[in-house]
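# Breakdown of the fold
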Amino acid sequence: MLFPAHDGAFPISALNEQLQSLTERLTKALATATDTTTLEDVRVRFLGRSGEITLVRRSIGTLPPGERPQAGKIINAAVTGLEALVDAAARALAFRALDAELERSIDVTFPGTARATGSLHPVRRAIEDACAYFERRGFAVVTGNEIETEYFNFDALNIPPDHPAREGLDSFYLRPGLLMRTHTSPMQVRTMQAYPPPIAIVVPGKAYRRDAIDARHSPVFHQIEGLLVAPGIHLGHLKGVLTGLFRDLFGPQQAVRFRPSYFPFTEPSAEVDTTCPGCHGSGCKTCSGSGWIEIGGSGMVHPDVLREAGYDPQTVTGWAFGVGPERIAMVRHGIDDIRVLFENDPRVLAELA
Ligand code: PHE
């Protein structure tokens, strides 16, 4: 019997001792329980229906009735504490099991898998660099549609109906009057028709021509069109701006050379060359020994084009140019075959990054 009848001892303190001893033994038993089955055995032995705590509860009956409620409260409080001990032990056990599992499957000291970082495609980089150069000078970047009307692609640009470029042999027609634009120049007229002068824009985008694929040609390629129209604009402004562009793209020693040429929408017209960055002008394989490389076409906007756009050639003049981002990328990276830029072999692109 746990609690002798009222014999002078204070039964509540005996109860406390009883519970104290039970707590100590439970704690010891929990410490040796290294798996869930043993832990459950311990719980049943102490807190189960025929466990030790039940014996303690039963002894309440031996107390004087006046002391029973208090004894009941003490026991209930003790049970809550004991259950918490068992729960804590169960949680610790689960954590240890998880730790062991992680230890087995993850070596945190092992070096991680390196992930390749992406990079801009060289053509995209040429476009972004060139546009940024012009944006710093107050030019707006605009884009147009790759499908164009014959009017904007040819007629408005003073390209006569019998011009070879207008034949289906050279251009991709979708239907009569509608084609894949053969250059970005249609955006000159579209922009001028939409806004009054002054105009300062660059137009990056794709252009399409029926060219067979070889080291220098692709049926789809990029252009960056430039257009500046305002009172008093002359070729000197064009040469200055292009010299700045090529110095920005290729290095501080770049010069610009204009070679007389012909475009129906500019007068005068010029091919634009810049110092070969490979040899700085002394002649090498890249420039076929000339010291110069061709980057695009340019000229003063033809009065007919200004008029067609609704501008007055007596009050405003302008220049326009078209340069090739593929060409810029090839010169920058010493690539001699344009197909490298379209094949997109990730190993090659990684080297160009
Ligand atoms: N559109 C011309 C071409 O594609 C380039 C160019 C643009 C020439 C602007 C002069 C002025 O070849």
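Along each chain, residue indices are assigned from 1 in the same order as the chain's sequence is written. Totals for whole chains, interfaces and linings use every residue, but because this is a predicted model, local features are given only for residues with pLDDT of at least 70 and side-chain atom pairs only at 80 or more, for both listing and counting. Side-chain numbers come from the whole structure's heavy atoms, not from hydrogens or water.

### Concerning the sheet that holds strand β8 (residues 266-275)
- Here, any two strands with at least 2 DSSP bridges between them count as paired. Each helix corresponds to a stretch of at least 4 residues labelled H or I by DSSP, and each strand to a stretch of at least 2 residues labelled E; elements are numbered beginning at the N terminus. What the 7 strands build is an open sheet, ordered β1-β5-β6-β10-β9-β8-β7; its pairing is mixed. Both outer strands of the open sheet, β1 (140-141) and β7 (256-263), are each paired with one neighbouring strand and no more.
- Two strands pair when backbone bridges link them, and strand β6 (residues 220-230) and strand β10 (residues 317-323) are joined in this way by 7 bridges, in the antiparallel orientation. Counterpart to Val-229 in the pairing with β10 is Gly-318.
- In what follows, a contact means two residues having at least one pair of non-hydrogen atoms within 4.5 Å. Axis geometry follows a simple rule: fit a line to the C-alpha atoms, using only the stretch in contact for helices, then measure angles between N-to-C directions, giving values from 0 to 180 degrees. Running at roughly 140° to strand β5 (residues 199-208), helix α7 (residues 186-194) makes contact with β5, β6, β9 (292-301) and β10 of the sheet.

### Notes on the site of the ligand
- Around the ligand sit 14 residues, and of these His-183, Ser-185, Arg-209, Gln-223 and Glu-225 come closest.
- Polar contact is defined as a pair of N or O atoms within 3.5 Å, subject to the rule that within protein one atom must be able to donate a hydrogen and the other to accept it, and that residues adjacent in sequence are counted only when both atoms are side-chain atoms. Between the ligand and the protein, one listed contact pairs a nitrogen atom with a side-chain N or O atom of Ser-185 at 2.9 Å.
- In the environment of the ligand, an oxygen atom lies 2.8 Å from a nitrogen or oxygen atom belonging to the side chain of Arg-209.
- In isolation the ligand has 320 Å² of accessible area, and contact with the protein removes 91% of it.
- Looking at the shell around the ligand, the elements that each hand over two or more residues are β6, β9 and β10.
- Of all the elements, β10 adds the most residues to the shell around the ligand, at 3 residues.
- By residue class, the composition of the shell around the ligand is 4 nonpolar, 8 polar and 2 charged. One heavy atom within 4 Å of a molecule or strand makes the whole residue count as near it. The protein chains shown are the only cover counted for residues, whose accessible areas, like all others here, come from Shrake-Rupley with a 1.4 Å probe. Only Asp, Glu, Lys and Arg are considered charged, only Ala, Val, Leu, Ile, Met, Phe, Trp, Tyr, Cys and Pro nonpolar, and every remaining residue, Gly among them, polar.

### Regarding the pairing of β6
- The element β6 is extensively covered by neighbouring structure, given that 10 of its 11 residues are classed as buried.
- Examined bridge by bridge, β5 and β6 share 10 bridges and lie antiparallel to one another. Of the residues in β6, the one forming a bridge with Lys-206 is His-222. Relative accessible area decides the class of each residue, using a 1.4 Å probe on protein chains only: under 20% of the type maximum gives buried, over 50% gives exposed, and in between gives partly exposed.

### With respect to helix α2 (residues 36-47)
- Under the convention used throughout, the expected extent of a helix is 1.5 Å for every residue step, that is, one less than its residue count. Relative to the 16 Å expected for 12 residues at 1.5 Å per residue, α2 spans 16 Å between its end C-alpha atoms, a close match to the ideal helical length.
- Turning to α2, its buried residues number three or more, namely Leu-39, Val-42, Phe-46 and Leu-47. Projected onto a plane normal to the axis of α2, the buried residues spread over an arc of 90° and lie on a single side.
- The distance from a side-chain oxygen at the start of α2 to the backbone nitrogen of Thr-37 is 3.0 Å, and the residue carrying that oxygen is Asp-35. When we speak of the arc, we mean the arc of directions from the helix axis to the C-beta atoms.

### As for the nonpolar core
- Judged by nonpolar contacts, the single largest core of 40 residues is most densely connected at Phe-134, Leu-242, Leu-245, Phe-246, Trp-319 and Phe-321.
- Listing elements by their share of this core, those giving two or more residues are α5 (122-136), β6, α8 (235-250), β9, β10, α10 (325-333) and α12 (346-352).
- Excluding residues that lie within four positions of it along the chain, Phe-134 makes contacts with Phe-139, Val-202, Val-241, Leu-245 and Phe-321.
- By convention a nonpolar core is built from buried Ala, Val, Leu, Ile, Met, Phe, Trp, Tyr and Cys residues, the set being connected through side-chain atoms within 4.5 Å. Ala-33, Phe-46, Ala-71 and Leu-93 belong to the second largest nonpolar core, which has 24 residues in total.

### Quick look at a negative patch on the surface
- Each patch is built from residues lacking any salt bridge and having more than 30% relative accessible area; the joining distance is 9 Å for like charges and 5 Å for nonpolar side chains (Val, Leu, Ile, Met, Phe, Trp, Tyr). A carboxyl oxygen of Asp or Glu within 4 Å of a side-chain nitrogen of Lys or Arg is what we treat as a salt bridge. For this count, His and the chain ends are skipped, Lys and Arg are scored as positive, and Asp and Glu as negative. Lys charges are placed at NZ, Arg charges at CZ, Asp charges at CG and Glu charges at CD. On the surface, a cluster of negative charge is made up of Glu-167, Asp-170, Asp-211 and Asp-214.
- With respect to the secondary-structure elements, Asp-211 resides in the loop between β5 and β6.
- Among the residues examined, Asp-211 registers a relative accessible area of 32% and is labelled partly exposed.

### Looking at unusual backbone geometry
- Across the junction of Pro-197 and Pro-198, the peptide omega takes the value 0°, indicating a cis bond.
- Checked against the element boundaries, Pro-198 lands in the loop between α7 and β5.
- The phi dihedral of Asn-158 falls on the positive side, at around 70°, and the residue is not glycine.
- According to the relative accessible area criterion, Asn-158 is partly exposed, its value standing at 26%.

### Description of the domain arrangement of the protein chain
- Throughout the structure description, domain borders are defined by an automatic or database domain assignment. Each assigned domain of the protein chain is listed here: domain 1 (12-105) and domain 2 (122-352).
- Distance from the C-alpha centre of domain 1 to the C-alpha centre of domain 2: 86 Å.

### Regarding the pattern of salt bridges
- Per the counting criterion, the structure on display carries 13 salt bridges.
- Here Glu-148 and Arg-190 are joined by a salt bridge, their closest N and O atoms 2.8 Å apart. With Glu-148 in strand β2 (residues 147-149) and Arg-190 in helix α7, this pair connects stretches of sequence that are 42 residues apart.
- Its relative accessible area of 1% is what places Glu-148 among the buried residues.
- One salt bridge in this structure joins Arg-259 and Glu-294, with 3.4 Å as the shortest N-O distance. Remark: Glu-294 occurs in strand β9 and Arg-259 occurs in strand β7; sequence separation between them is 35 residues.
- Judged by its relative accessible area of 31%, Arg-259 is partly exposed.

### Quick look at the sheet that holds strand β4 (residues 178-180)
- A sheet is described by the order of its strands in space; here 3 strands give the open sequence β2-β4-β3, paired in antiparallel fashion. Each edge of the open sheet is held by one strand with a lone partner, namely β2 and β3 (173-175). Going across the sheet, the axis of each strand differs from the next one's by a mean of 35°, ignoring polarity.
- Relative to β4, β2 runs antiparallel, the two sharing 3 bridges. Bridge pairing in β4 links Ile-147 to Met-180.

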